[in-house]
Amino acid sequence: MAIALVPRCLQSLPPLIFALVSLTFATGTLANNRFDQVTADDTIAASERQAVMGISRLGLETTRFGFPVFYTPHEGKTRPFGYWSVDINQNYADTTLAENLRFVIPSRFDRLIFEGNEATVETATQVFSNLDIGQVIPELDSKTRSYRQYRNYLLDHLNSHVAPVMQEVMGTAAEARYKEMNAQEKNTFITERARQTGMPAAVLEGLVSSSYAFGFYLPELQGRMHISQVERTRLDGSTYYVYTTSLQAPLKTRMMVFHYNGKEFTTEIQLNAVADGVFESLAQQLSGSASITTSWLPRERHAQEIFDDMFQLSFKDSSIALSTRLKEHRQFAVATLVVDPTPDQILLEVGNQEDIRVDQPFTFKRVVDSKEQSVGWSRVRQPGNSCLVLPEGERTSSRAQLLAGEVEEFDLALEHPWTGVYGRLNGTQSSTELSINGQATGAGSASLVELGFIGNLGFLLNAPSMSEVWMNFDFGLGMNSSGEDAYDYLESSSVGRLRLGAEKRFHLGYGFYTALGADLGFEAHSFTDRNNEDKNFDLTTYNLIPRAELGYYFTPNLNFFAGAAYNQPLGTEYDEYADGTLITDDLAMQGGLSLHAGLAFHLGFAGPFASMMSKPSGECDELRQAQLEAQTAQQ
């Protein structure tokens, strides 16, 4: 039988059509005199196992994309080279969506699966299978549509074929989902029991009717391809050419959130993976790029290979961005009450069941004078094992560290939308110096403006051992200093620097931190001879740059940093003067102190770190499956 909403021919796809989600916002037991100070809205009361369905059909505006192509020959000018097209089929698009759906719908959610005329509901602790829904839900077609047409098509499909069976299917699993609530959630509802379910009637109504459906759509791509002819040298000194072909066409995936109110679905939220600002645009361009190198001038058929590579990573990054933006909406952010407010050991009753990652930020909310205020924020150092399939006594809380502000018992801890990646801009003054035949020249000190990206490896890899370890990529441009005394003929010219490094941060409280780290650097210096332009020359150095920093967080999304480093060249390379004659002098860059200061700001895209982002934990799903298999074996 056909799987509803996804064609049967998708052999690589699991039968997952909908991921039915139950958001478990753990809350802890409230003291009566503090309950009304927790939050000014219905965050805690709204924790009644909300359900979300993810539709595994990626809507497409077109199945064929075209890109202008440009060619740059060695030492030549860039010129138009043609217009190449690539294709995407529905199977490939849906498979890619299924591979990345877990970023948007992790194990904090239950899953609803339709196959033929049967449904399966997977909660955190139970699996209800072979539920006869009395009808076959037809699969979605693969026609291309505009965004508005596809949104309306999904909405009509949901209301015509899914809404009529939602009450029955969700009601079957309502008892199990009710038991998966914590005690405080249950206490927020009326105590009158519904005989047929053994739970409050209001709870049953909320479990059945408060749900959402997610749909995804890919608009037509905009981008360009570029071919560069590059000269390379063999060991014998002879030269040859290779061709590097690159594509830049970041995906701007869209997401629709449909709300089911117990009777019908309506469109509630619409999200768009579009960059906000220059740095987000750069980050999105990096994850939305791919290239190949060939020994021959490529043809249009090579474009498909590049596009397929680019599509995978760019779609992953757009899924990360959509998941982050979804959490900006309060009903989709995990909330919990502070169990223990000890600043270095804050206990939060959430963990891997809710997809809480290492170094995940939480903000603390408190009601003051009937208004909710943010009073502090923290990062989770060790996510707890909160799998609901475990006995309550075996579950552990997440441990967090207060980074700024204050926290008290029963404050509301709210998940802060975060990718773990920041863009940064800083100024650098490096006091390296050029020497010629062992004599200092006074030239070579560099003043740079650097921009780059820095990512939290603990969060990206979800690895406690990497907590507060940050990896950075930085690129700088600037000017170097002129020569002095006998070398005053050396005039200041340009300098460029590329750095790759890492640092470990140590938080001091009140928003301050220190960091120790090191970079490997590549610097390219140009020097101008004001007496003879034919003697202008370039040189490159490879540097080791140990550094120390002091930083301050204004907010979880913005921090200032300043520090000192020692720029130690490991080697200097040079070849010839501008007129082609060989340089016979001994040139070298000498090490020196470097000072820097700048700002870093959170990005909604993982960008250059997207490939490193690990998928959400599946440990709780694996424990549930193992337990169910053990129960089956005993029967």
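Residues numbered from 1 in each chain as written. Predicted model: local features only at pLDDT ≥ 70, side-chain atom pairs only at ≥ 80, totals over all residues. Heavy atoms only, no water.

Colleague: Could you clarify how one ought to interpret the overall build of the chain in this entry?
Modeller: Counting its secondary structure elements, the chain contains nine helices and 32 strands. Considering the chain as a whole, with its 635 residues, one finds that 54% of them fall into the buried category. A separation threshold of at least 6 residues defines the contact pool for the chain, and within that pool the share at least 24 residues apart is 72%. Accessible surface, the chain: about 26,700 Å² in total, of which carbon and sulfur atoms supply 51%. (Helix = DSSP H or I, 4+ residues; strand = E, 2+ residues; numbered from the N terminus. Buried < 20%, exposed > 50% of the residue type's maximum accessible area, 1.4 Å probe, protein only. Contact = heavy atoms within 4.5 Å. Areas by Shrake-Rupley, 256 points an atom, 1.4 Å probe, with all protein chains shown as cover.)

Colleague: Just to check I follow, could you spell out the pattern of salt bridges for this structure?
Modeller: Any two side chains of opposite charge can pair, on the condition that their charged atoms come close. The tally for this structure, following the rule as stated, stands at 26 salt bridges. Measuring nitrogen to oxygen at the nearest pair gives 2.9 Å for the salt bridge that ties arginine 424 to aspartate 474. Within this pair, whereas arginine 424 is found in strand 21 (residues 421-430), its partner aspartate 474 is found in strand 25 (residues 469-480), the two being separated by 50 residues in sequence. Just as arginine 424 is buried, aspartate 474 falls in that class too. One connected set of salt bridges, linked through shared partners, spans Arg424, Glu450, Asp474, Arg497, Arg499, Glu503, Arg505, Asp519, Glu523, Arg547 and Glu549. (Salt bridge = Lys/Arg side-chain N within 4 Å of Asp/Glu carboxyl O.)

Colleague: Help me understand the packing of aromatic side chains in this model?
Modeller: Each aromatic ring pair is described using two quantities: the centre-to-centre distance and the angle formed by the ring planes. Per the counting criterion, the structure on display carries 27 aromatic pairs. Pairing phenylalanine 307 with phenylalanine 311 gives two aromatic rings, centres 5.7 Å apart and planes at 45°, and the pair type is tilted. Of the two residues, phenylalanine 307 and phenylalanine 311 are both situated in helix 7 (residues 301-326); the distance of four residues between them amounts to about one turn of the helix. With relative accessibility at 0%, the residue phenylalanine 311 sits in the buried group. Grouping aromatic residues by their ring pairs yields a cluster made of Phe65, Tyr92, Phe307, Phe311 and Phe315. A cation sits over an aromatic face here: lysine 535 above tyrosine 577, 4.7 Å from the ring centre. (Phe/Tyr/Trp six-rings, centres within 6.5 Å; stacked < 30°, edge-to-face > 60°. Lys NZ or Arg CZ within 6 Å of the ring centre and 35° of its normal.)

Colleague: How should I be thinking about the state of the cysteines in this particular structure?
Modeller: What the rule picks out here adds up to one disulfide. One disulfide in the model links cysteine 387 with cysteine 620; its S-S distance is 2.0 Å. What sets the handedness of the cysteine 387 and cysteine 620 disulfide is the S-S torsion sign, and at about -85° it is left-handed. With cysteine 387 in the loop between strand 18 (371-382) and strand 19 (398-405) and cysteine 620 in helix 9 (residues 619-634), this pair connects stretches of sequence that are 233 residues apart. Exposure class is identical for cysteine 387 and cysteine 620. Each is buried. (Disulfide = S-S within 2.5 Å.)

Colleague: Honestly, the environment of glutamine 345 in this entry has me stumped. Any pointers?
Modeller: Checked against the element boundaries, glutamine 345 lands in the loop between strand 15 (335-340) and strand 16 (346-348). Along the primary structure glutamine 345 and glutamine 382 are separated by 37 residues, whereas in three dimensions their C-alpha atoms are 9.8 Å apart. Discounting residues that sit within four places of it in the chain, glutamine 345 has contacts with Asp340, Arg399 and Ala400.

Colleague: In this structure, what is going on with the packing of helix 1 (residues 90-104) against helix 7? I would like to understand it.
Modeller: The axes of two packed helices give the description: the angle between them and the distance between them. Between helix 1 and helix 7, the least distance of the axes is 9 Å, while the angle of their chain directions is 35°. Seen along the crossing, helix 1 lies across helix 7 with a hand that is right-handed. Contacts from Tyr92, Thr96, Leu97, Glu99, Asn100, Phe103 and Val104 of helix 1 reach helix 7 at Asp308, Phe311, Gln312, Phe315, Lys316, Ser319, Ile320, Ser323 and Leu326. Its residues assigned to classes, the contact of helix 1 with helix 7 comprises eight nonpolar, five polar and three charged. (Axes fitted to C-alpha atoms, helices over the stretch in contact; angles between N-to-C directions. Left-handed = near helix turned anticlockwise from the far one by under 90°. Nonpolar A, V, L, I, M, F, W, Y, C, P; charged D, E, K, R; others polar.)

Colleague: Before we go on, may I ask you to explain the nonpolar core in this structure?
Modeller: Counting 72 residues, the largest nonpolar core has Leu58, Phe67, Phe214, Phe216, Met255 and Phe307 as its most contacted members. If you tally residues by element for this core, the top one is helix 7, at ten residues. Each residue touching phenylalanine 307, except ones within four places of it in the same chain, is listed here: Phe65, Phe67, Val86, Asp87, Ile88, Leu221 and Leu247. (Core = buried A, V, L, I, M, F, W, Y, C linked by side-chain atoms within 4.5 Å.)

Colleague: Which parts of the structure should I look at to understand a nonpolar patch on the surface?
Modeller: A cluster of nonpolar side chains, contributed by Phe475, Leu477, Leu498, Leu520, Phe522, Tyr542, Leu544 and Leu570, occupies part of the molecular surface with about 770 Å² of accessible area. At the level of elements, strand 25, strand 28 (512-529) and strand 29 (537-555) are the ones that each hand at least two residues to the nonpolar patch. Within the secondary structure layout, leucine 520 lies in strand 28. (Patch = residues over 30% accessible without salt bridge, like charges linked within 9 Å, V, L, I, M, F, W, Y side chains within 5 Å.)

Colleague: Could you clarify how one ought to interpret the sheet that holds strand 4 (residues 111-115) in this entry?
Modeller: In sheet architecture, strand pairing relies on hydrogen bonds along the backbone and comes in two forms, parallel and antiparallel. If you trace the three strands from one edge of the open sheet to the other, you get 4-5-6, paired in antiparallel fashion. Here the strands that pair on one side only, and so sit at the sheet edges, are strand 4 and strand 6 (127-132). Looking at each pair of strands side by side, their axes are set apart by 15° on average, direction ignored. Relative to strand 6, strand 5 (residues 118-122) is paired through four bridges, and the arrangement is antiparallel. When the bridges of strand 6 are listed, glutamate 122 appears paired with valine 127. (Pairing = 2+ DSSP bridges.)

Colleague: I tried to follow the sheet that holds strand 3 (residues 79-87) on my own but got confused; where do I start?
Modeller: Pairing within the open sheet is mixed, and its five strands lie in the order 3-2-10-11-14. A single partner strand is all that each edge strand has here, and the edge strands are strand 3 and strand 14 (289-294). For this sheet the average axis-to-axis angle between neighbouring strands, irrespective of direction, equals 25°. With ten bridges joining them, strand 10 (residues 224-233) and strand 11 (residues 239-248) adopt antiparallel strand pairing. Bridge pairing in strand 11 places glutamate 231 opposite tyrosine 241.

Colleague: Hey, could you run me through the environment of aspartate 340 in this one?
Modeller: Along the polypeptide, aspartate 340 turns up in strand 15. Judged by relative accessible area, which is 26%, aspartate 340 ranks as partly exposed. Distance from aspartate 340 to glutamate 408, taken between C-alpha atoms, is 7.9 Å for residues 68 residues apart in sequence. At 2.7 Å, the side chain of aspartate 340 forms a polar contact with the side chain of threonine 342. (Polar contact = N/O pair within 3.5 Å; in protein donor to acceptor, adjacent residues only side chain to side chain.)

Colleague: Even after reading the chapter, I still don't get the packing of helix 6 (residues 278-287) against helix 7, so can you show me in this structure?
Modeller: Closest axis-to-axis distance for the helix 6/helix 7 pair is 8 Å, and the angle between their directions is 140°. The orientation of helix 6 relative to helix 7 falls into the category oblique. In this structure, helix 6 contributes Glu280, Ala283, Gln284 and Ser287 to the contact, and helix 7 contributes Met310, Leu313, Ser314, Asp317 and Arg325. Per-class residue counts for the contact of helix 6 with helix 7 are three nonpolar, three polar and three charged. (Parallel < 35°, antiparallel > 145°, perpendicular 65-115°, else oblique.)

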